[in-house]
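# Secondary and tertiary structure notes
These are the residues of each chain, in order.
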Amino acid sequence: MRNIVRHRLFWPVVTLAALLALNVIVEHDFFAIRLQDGHLFGSVIDILRNGAPTLLVALGMTLVIATRGIDLSVGAIVAICGALACSMIAASPTPGSVGTVLIAVGAALVLAIVLGLWNGLLVSVLGIQPIIATLILMTAGRGLAMLITEGQIITVSSAPYKVIGGGYWLTMPASILIAGVMFALTALLTRKTALGILIESVGINPEASRLAGVRSRSILWTVYIFSAFCAGVAGLMISSNVTAADANNAGLWIELDAILAVVLGGTSLAGGRYSLIGTLIGAFVIQTLTTTVYTVGIAPEITLVFKALVVIAVCLLQSPAMQARVRNARRRRALQKQGTDAAGAPAVSPASLTNEGAAS
Amino acid sequence: MKKILGMAAAGALLFALAGCTASGGASADGPKDTKDLVVGFAQVGAESGWRTANTKDIQSSFKEAGITLKFSDAQQKQENQIKAIRSYIQQKVDVIAFSPVVESGWDTVLKEAKNAGIPVVLTDRAVDSKDTSLYETFLGSDFVTEGKKAGEWALNEFKDASGTVPIIQLEGTTGSAPAIDRTKGFADAIAANPNLKIVASQTGDFTRSGGKQVMEALLKAHPDVKLLWAQNDDMGLGAIEAIEAAGKVPGKDIKIITADATHDGMQAAADGKINFIVECNPLMGKQLIEIVKKINKGEDVPKRIVTDETTFTSAQAKEALPSRKY
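In what follows, the accompanying structure is described. (Residues numbered from 1 in each chain as written. Chains lettered and ligands numbered in written order. Predicted model: local features only at pLDDT ≥ 70, side-chain atom pairs only at ≥ 80, totals over all residues. Heavy atoms only, no water.)

Counting secondary structure elements, chain B contains 11 helices and 12 strands. Referenced to the eigenvectors of the C-alpha coordinate spread, the extents of chain B come out at roughly 70 × 55 × 40 Å. Within the span of chain B, comprising 326 residues, buried residues form 52% of the whole. Contacts spanning at least 24 positions in sequence make up 74% of the contacts within chain B whose residues lie at least 6 apart. Working note: accessible area of chain B is about 14000 Å², and carbon and sulfur atoms make up 54% of it. (Helix = DSSP H or I, 4+ residues; strand = E, 2+ residues; numbered from the N terminus. Buried < 20%, exposed > 50% of the residue type's maximum accessible area, 1.4 Å probe, protein only. Contact = heavy atoms within 4.5 Å. Areas by Shrake-Rupley, 256 points an atom, 1.4 Å probe, with all protein chains shown as cover.)

What follows is the structure in structure tokens.
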């Protein structure tokens, strides 16, 4: 039991369960899923579908953070890729054809990889601090997206494009299937090969790993390209979900949601050890939190406060320092109880107890 | 490498200095020639189709009139807008115009503009400042009236309803003037019939994805909803997708009222998916130029100028669509 409670994913899972329970209390058939026009329909399906972009971005972010880096540019990449794909489809004479959509999607993903190359170049070759290197694209990227859309919201009516973020495949939302496949591939590639260990070693000590024969430069470069690619796919999903490219709002603050998902999942921002499953749970905690706000009917004015309180609570419960304090307090109380039970023969003198209290 | 960087930095500095001297030198003595006027405009962002129509009209009107327009996009953030206004003050523009992102927190920067002797025109959205001497005039729609128009249509549409009519309201950005005033106007109007009841009200941030996500969740919590009041077209368009995904027919199973009347919104109305649109006219470029010219000549400008606006039913939208400018 103690091992379960101490597991670093214990509190995120409890939070997710608590949020879902809260939803069920307010809306009794929250878990009800039915078939609607040949696809699954229900609140849980919505959480999966709307959580897919955050999950993807957080997936790339996990590997970047594992190398002791951070990628702030993902939100801008989301906007750029959505803008490019939508404007290409809108400009084409046959927006509804699969070929057009494939070309547009391909072009957007190539652009995402180029943007990842740029981030990787700044971080791994030029040695710029990741937070500064990716900040460049974070601020400039939205401008680039605005340039592509000419400041307009581009509406596309293309059935094949709609599938990526808003469509269904085998009754499941296509977006969660895409995110799931990418998640599984990443897990296989990093955990069934040495890649994961190499990424962690670069995160723990890049210089030592280089001396040990790890090509840290190419590994750094790879994770930034991967992060940008994930953001690119997420950008296609977000624009496809509403069949419109919105350079200003698409993926706004998604980088922070992604970082939060990674941290909630127990990956340390100091680099090294990372957990993909943790990120998965973290991403769905965030999406469920958003849905809970709507179902429970929390007033828009206090939404952010509610979200902040939940996040603070999870972070506190997870923090090792906080857990140690709780354990100490509990042990002390147990000792005190023992002392009074033993009538006049305290196991620990009160003086030493107060000392301990002041020290901790 | 270092040398090149150094030279680039020096170049940038020189460029910035040159910019300062070129745009300075505005003075308060007498009206200027129209083509010498410089107006700084701090836009909210490009968060909706309405906003981009507004931006385009202002930019093209100024170009036509031959007045220099310095334009900035705040990406929906007050701090960006304050920064833009401060830079206009430093550049000594002749008039500053802006659409406040939120209602409150403008006193300091408006006082700075007043002390610098630069008149300020509010467009589209108001500020809650008690001191009305801080700005020359407020040009824009009356959002309370817009909310009222929406509510009155709902009253008439459901006047024969015997039971409760559950309503979902999608609010705009929390704290923004249109969100506050449209909510108020609508609530005031539907108060006349106790059967009309808002069962859920959430913000969709005036965006399509916001409207879609909120509507998906609210539809599950309130499946019996009869009327949707979306405070702009974009949230309404997002909500339509959520309603269709739930297997209901927008405009029939759930009646929809939106505000703004952008092109995509009017198209949806013409298709019968939106039942009623309250127009919020974004074409204020001409009126803004009139105001700038009057201020330049030292003439009096009324403190409140309301833009001309109408409403559209589905049939009217179909008729009006081909001749719409935005």
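That was the structure; now back to the text.
This part is about the packing of aromatic side chains. Any two aromatic rings considered together are summarised by their centre-to-centre distance and by the angle between their planes. Applying the stated criterion across every chain, the model contains 6 aromatic pairs over all chains. Between the aromatic rings of Phe10 of chain A and Trp11 of chain A, the centroid separation amounts to 4.9 Å while the plane-to-plane angle is 80°, which identifies the pairing as edge-to-face. Measuring from centroid to centroid gives 5.9 Å for Phe41 of chain B and Phe71 of chain B, while their planes differ by 15°, and the two rings are stacked. You can see Phe41 of chain B sitting in strand β1 (residues 38–43) and its partner Phe71 of chain B sitting in strand β2 (residues 68–73), a full 30 residues away along the chain. In this structure Phe41 of chain B comes out as buried when scored by relative accessible area, which is 0%. Looking at Arg191 of chain A, its charged tip hangs above the ring of Tyr274 of chain A, at a distance of 4.2 Å from the centre. (Phe/Tyr/Trp six-rings, centres within 6.5 Å; stacked < 30°, edge-to-face > 60°. Lys NZ or Arg CZ within 6 Å of the ring centre and 35° of its normal.)

Before going further, it helps to spend a moment on helix α14 (residues 303–318) of chain A. Residues and elements named next belong to chain A. Under the 1.5 Å per step criterion, the end-to-end length of α14 is 23 Å for 16 residues, consistent within 8% with the ideal 22 Å. Among all positions in α14, only Thr303, Val310, Val311, Val314 and Gln318 are buried. One side of α14 carries all its buried residues, which in axial view fall inside an arc of 95°. (Expected span 1.5 Å × (residues − 1). Arc of directions from axis to C-beta.)

Once that is clear, we can look at the interface of chain A and chain B. Buried accessible area, meaning the area lost when the parts come together, often serves as the stated size of an interface. Chain A puts 36 residues into the contact, and the matching count from chain B is 34 residues. Between chain A and chain B, roughly 2700 Å² of surface is buried when both sides are summed, and carbon and sulfur atoms account for 49% of that area. At the junction of chain A and chain B, the tally comes to 12 residue pairs in polar contact (both at pLDDT 80 or more). In terms of residue count, the dominant contributor to the side of chain A that touches chain B is helix α13 (residues 276–296) of chain A (6 residues). (Buried area = accessible area lost by both parts, 1.4 Å probe. Polar contact = N/O pair within 3.5 Å; in protein donor to acceptor, adjacent residues only side chain to side chain.)

All right, on to the pairing of strand β6 (residues 165–171) of chain B then. All names here are of chain B. The element β6 is extensively covered by neighbouring structure, given that 7 of its 7 residues are classed as buried. What you see with β6 is no split at all: Val165, Ile167, Gln169 and Glu171 on one side and Pro166, Ile168 and Leu170 on the other are buried throughout. Traced from β6 through helix α6 (residues 177–190) to strand β7 (residues 196–203), the parallel crossover comes out right-handed. Pairing geometry for β6 and strand β8 (residues 227–230), over 4 bridges, is parallel. (Right-handed = clockwise from strand over helix to strand, strands pointing away. Pairing = 2+ DSSP bridges.)

Turning to the pattern of salt bridges, a few remarks are in order. All chains considered together, the criterion is met by 20 salt bridges over all chains. Here Arg182 of chain B ties to Asp260 of chain B by a salt bridge, and the two come within 3.5 Å at their closest N and O atoms. Of this pair, Arg182 of chain B sits in helix α6 while Asp260 of chain B is found in strand β9 (residues 255–260), placing the two residues 78 residues apart along the sequence. Take Arg182 of chain B and Asp260 of chain B: they sit in the same class, and that class is buried. In this structure, Lys273 of chain B engages Glu244 of chain B in a salt bridge whose closest nitrogen and oxygen atoms are separated by 3.3 Å. One end of the pair, Lys273 of chain B, is in the loop between α9 (263–270) and β10 (276–279); the other, Glu244 of chain B, is in helix α8 (residues 233–245), with 29 residues separating them in the sequence. The class of Lys273 of chain B is partly exposed, set by a relative accessible area of 30%. One network of salt bridges, with partners in common, ties together Asp46 and Arg49 of chain A together with Glu216 and Lys220 of chain B. (Salt bridge = Lys/Arg side-chain N within 4 Å of Asp/Glu carboxyl O.)

On to the nonpolar core. In this structure, Leu56, Met61, Ile77, Val78, Tyr161 and Leu236 of chain A are the most contacted members of the largest nonpolar core, which totals 85 residues. Non-local contacts of Leu56 of chain A, meaning those with residues more than four positions away in its chain, are made with Ala179, Met182, Cys230, Val233, Ala234 and Met237 of chain A. Counting 36 residues, the second-largest nonpolar core is a separate cluster that includes Phe41 of chain A together with Met215, Met266 and Ala268 of chain B. (Core = buried A, V, L, I, M, F, W, Y, C linked by side-chain atoms within 4.5 Å.)

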